[in-house]
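Report on the structure
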Amino acid sequence: MFETQQVNNLLTGVVLACEVKDSDEEHRKFLTVRSFDISKSGKPAAWDKTVKPYDRGNNALFVVHYYSVKARYMQLNYDIDDNDLTKNIIIDHIYGWDQLYNQLSKFINNYSELKPQWHCDNPLE
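Quick summary incoming for the structure in this document. Computed from a predicted structure; not experimentally measured.

What counts and what doesn't
- Residues numbered from 1 in each chain as written.
- Predicted model: local features only at pLDDT ≥ 70, side-chain atom pairs only at ≥ 80, totals over all residues.
- Heavy atoms only, no water.
- Helix = DSSP H or I, 4+ residues; strand = E, 2+ residues; numbered from the N terminus.
- Buried < 20%, exposed > 50% of the residue type's maximum accessible area, 1.4 Å probe, protein only.
- Phe/Tyr/Trp six-rings, centres within 6.5 Å; stacked < 30°, edge-to-face > 60°.
- Pairing = 2+ DSSP bridges.
- Salt bridge = Lys/Arg side-chain N within 4 Å of Asp/Glu carboxyl O.
- Arc of directions from axis to C-beta.
- Contact = heavy atoms within 4.5 Å.

Further remarks concern unusual backbone geometry. One non-glycine residue, asparagine 77, lies in the positive phi region at around 60°. Mapped onto the fold, asparagine 77 is located in the loop between helix H2 (71-75) and strand S5 (85-95). If you check the backbone angles, histidine 93 has positive phi at about 60° while not being a glycine. Among the secondary structure elements, histidine 93 is positioned in strand S5. You can call histidine 93 exposed: its relative accessible area is 53%.

Laid out in structure tokens, this is it:
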């Protein structure tokens, strides 16, 4: 499960991110998670900035983005965009915490690695 601070970040519109470590030294892999409130009309909406209880996430919409980029591009400080990605998986229409945990478990085992994206070397920030 997420820590309280991660929940507060997600439910106020902060994108969480981490670098996914593996043995491939030629590529760097990243994972981001963002959430949206569901408006009364049933459409995704931006969160207001007030802290909400954990159970509000049961009615949230989440989007997971997993991608990789050549490590060399980052070493050379290239301006990276979607065309430079060697893997690009976007999983949207994730509703509630249970579905989010299920999707994240395909990429990472330790949710505490997810931090606000400005703490990560996320090239698409």
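One pass over the full model with this rule turns up ten aromatic pairs. Residues phenylalanine 30 and tyrosine 67 carry aromatic rings whose centres are separated by 5.6 Å and whose planes lie at 25° to one another, so their mutual orientation is stacked. Of this pair, phenylalanine 30 sits in strand S2 (residues 27-38) while tyrosine 67 sits in strand S4 (residues 61-70); the two residues are 37 residues apart in sequence, bridging distant segments of the chain. Aromatic pair tryptophan 97 and tyrosine 101: ring centres 6.3 Å apart, planes at 20°, arrangement stacked. Of this pair, tryptophan 97 and tyrosine 101 both sit in helix H3 (residues 96-104), four residues apart, roughly one helical turn. Here the two residues tryptophan 97 and tyrosine 101 agree in accessibility, since each one is buried. In textbook terms, an aromatic cluster arises when at least three aromatic residues are bridged by ring pairs, as seen for Phe2, Tyr54, Phe62, Trp97, Tyr101 and Tyr111.

Turning our eyes to something else, we now look at the pairing of S2. Note: strand S1 (residues 16-20) against S2, five bridges, orientation antiparallel. Bridged to cysteine 18 within S2 is leucine 31. The turn joining S1 and S2, which pair antiparallel and follow one another in sequence, is formed by six residues. Inspection of the sheet shows S2 paired to strand S3 (residues 44-45) by two bridges, in the antiparallel sense. In the strand pairing of S3, aspartate 37 is matched with alanine 45. Here S2 hands over to S3 after five residues, with glycine 42 in that stretch at a positive phi of 90°.

The next point concerns the pattern of salt bridges. On inspection of all chains with the given rule, the structure shows five salt bridges. In this structure, arginine 28 engages glutamate 19 in a salt bridge whose closest nitrogen and oxygen atoms are separated by 2.8 Å. Ionic pairing is found between lysine 29 and aspartate 24, a salt bridge with its closest N-O pair at 3.3 Å. Lysine 29 gets classed as buried once you look at its relative accessible area, which sits at 9%. It is possible to trace a salt-bridge network through shared partners that takes in Glu19, Lys21 and Arg28.

Every buried residue belonging to H3 is among Gly96, Trp97, Leu100, Tyr101, Gln103 and Leu104, and all of these are buried. Summarising the axial view, the buried residues of H3 lie within an arc of 165°, below the 170-degree limit, and thus occupy one face. Along its buried surface, H3 packs onto helix H1 (4-10), S2, S4 and S5.

Spatial relationships are all this shows, so hold off on functional conclusions.
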